[in-house]
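A structural walkthrough
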Amino acid sequence: MNINAFFILIAVGLIMIYVGFKPQYIAERDIVDIPLFELDSFVLHELNQDKLITIMKGSKTKRYSDRYSVTNIDYTDNSKELLANIRADKGLYRDKDDIVDLVGNVIYNREDGLVFESQEATYNKKTSIAKTQKDYIMYRDKNEVVGTSLIYNNANGKVKSKNIVAKYQIKER
């Protein structure tokens, strides 16, 4: 075989590789939101000089720089006069605002027996206000209220709601 034929054969092979094979295009992505760490089955305690303020439990969490994303959240607020506990399937606790967003089977329970249930809610720790824009049911003892949205202030006990149906048990003397 002639040396020229050999180099022509190599050149034709390289041209075929160049024309026939295209490199795979991989899109560049900006990775903005990476968790700092992930935990399974955790308990977070917040304390001040006087007492235990909050407890947050969950079966799984991801800690980001400004928030916790929690599965099976159980959040207890002991910062006000009455102890309040909120449970849900998923929760997002934002450190900066002290706000807990809850989704899925939300149950708010206060130590005096007041309970409300909804499919989503937002709890503001600073103002002690629990809100939902979904249908809810609230009860205490034999009293029951059903409505389509709720704003409940745990600090002063005031409730605002829309489209309510209430069953109130009058006390006997």
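Concerning the environment of Asn105
Examined against the element boundaries, Asn105 turns out to sit in strand β5 (residues 99–110). Expressed as a C-alpha distance, the spacing of Asn105 and Tyr68, which sit 37 residues apart in the sequence, is 19 Å. Excluding residues that lie within four positions of it along the chain, Asn105 makes contacts with Arg87, Ala88, Asp89, Ser118 and Gln119. Among the polar contacts listed, one links the side chain of Asn105 to the side chain of Asp89, at a separation of 2.9 Å.

Re helix α1 (residues 3–20)
Taking 1.5 Å per residue as the helical rise, α1 with its 18 residues ought to reach 26 Å, and the 25 Å between its terminal C-alpha atoms agrees with that figure. Across the 18 residues that make up α1, only a small minority, zero, are buried.

Notes on the pattern of salt bridges
Using the criterion set out here, one finds seven salt bridges in the structure. Close ionic contact of Glu46 with Lys125 constitutes a salt bridge, the shortest N to O distance being 2.6 Å. Of the two residues, Glu46 is situated in strand β1 (residues 37–47) and Lys125 in the loop between β6 (115–124) and β7 (129–132); the sequence distance between them amounts to 79 residues. Residue Lys125 is classed as buried on the basis of its relative accessible area of 7%.

Thoughts on the nonpolar core
Core analysis: the largest hydrophobic core is formed by 23 residues, its most contacted members being Met56, Ile73, Tyr75, Leu102 and Tyr108. Contributions of two or more residues to this core are made by β3 (67–77), β4 (84–94), β5, β6, β8 (136–140) and β10 (149–153). In this structure, Tyr75 is in contact with Thr54, Ile55, Met56, Ala84, Asn85, Ile86, Tyr93, Val100, Tyr123 and Lys125, ignoring residues within four places of it in sequence.

As for unusual backbone geometry
Of note in the backbone geometry, Ser128 takes a positive phi value of approximately 60° without being a glycine. With respect to the helices, strands and loops of the structure, Ser128 is situated in the loop between β6 and β7. Using a relative accessible area of 0% as the deciding quantity, one classes Ser128 as buried. A positive phi is found at Asn163, a non-glycine position, where the angle reads about 50°. On the secondary structure map, Asn163 appears in the loop between β11 (159–162) and β12 (165–167).

Description of the side chain of Thr54
With respect to the secondary-structure elements, Thr54 resides in strand β2 (residues 52–63). Not counting the four nearest positions on each side in its chain, Thr54 is found in contact with Leu44, His45, Glu46, Tyr75, Thr76, Asp77 and Lys125.

Description of the pairing of β2
As paired strands, β1 and β2 are joined by ten bridges and run antiparallel to one another. Bridge pairing in β2 places Phe42 opposite Gly58. Between β1 and β2, which pair antiparallel and follow one another directly, the connecting turn spans four residues. Two strands pair when backbone bridges link them, and β2 and β3 are joined in this way by eight bridges, in the antiparallel orientation. Within the sheet, the bridge partner assigned to Lys60 lies in β3 and is Thr71. Between β2 and β3, which pair antiparallel and follow one another directly, the connecting turn spans three residues.

Observations concerning the environment of Ser41
The residue Ser41 is located in strand β1 in this model. Expressed as a C-alpha distance, the spacing of Ser41 and Lys60, which sit 19 residues apart in the sequence, is 5.6 Å.

About the cut-offs
Residues numbered from 1 in each chain as written. Predicted model: local features only at pLDDT ≥ 70, side-chain atom pairs only at ≥ 80, totals over all residues. Heavy atoms only, no water. Helix = DSSP H or I, 4+ residues; strand = E, 2+ residues; numbered from the N terminus. Contact = heavy atoms within 4.5 Å. Polar contact = N/O pair within 3.5 Å; in protein donor to acceptor, adjacent residues only side chain to side chain. Expected span 1.5 Å × (residues − 1). Buried < 20%, exposed > 50% of the residue type's maximum accessible area, 1.4 Å probe, protein only. Salt bridge = Lys/Arg side-chain N within 4 Å of Asp/Glu carboxyl O. Core = buried A, V, L, I, M, F, W, Y, C linked by side-chain atoms within 4.5 Å. Pairing = 2+ DSSP bridges.

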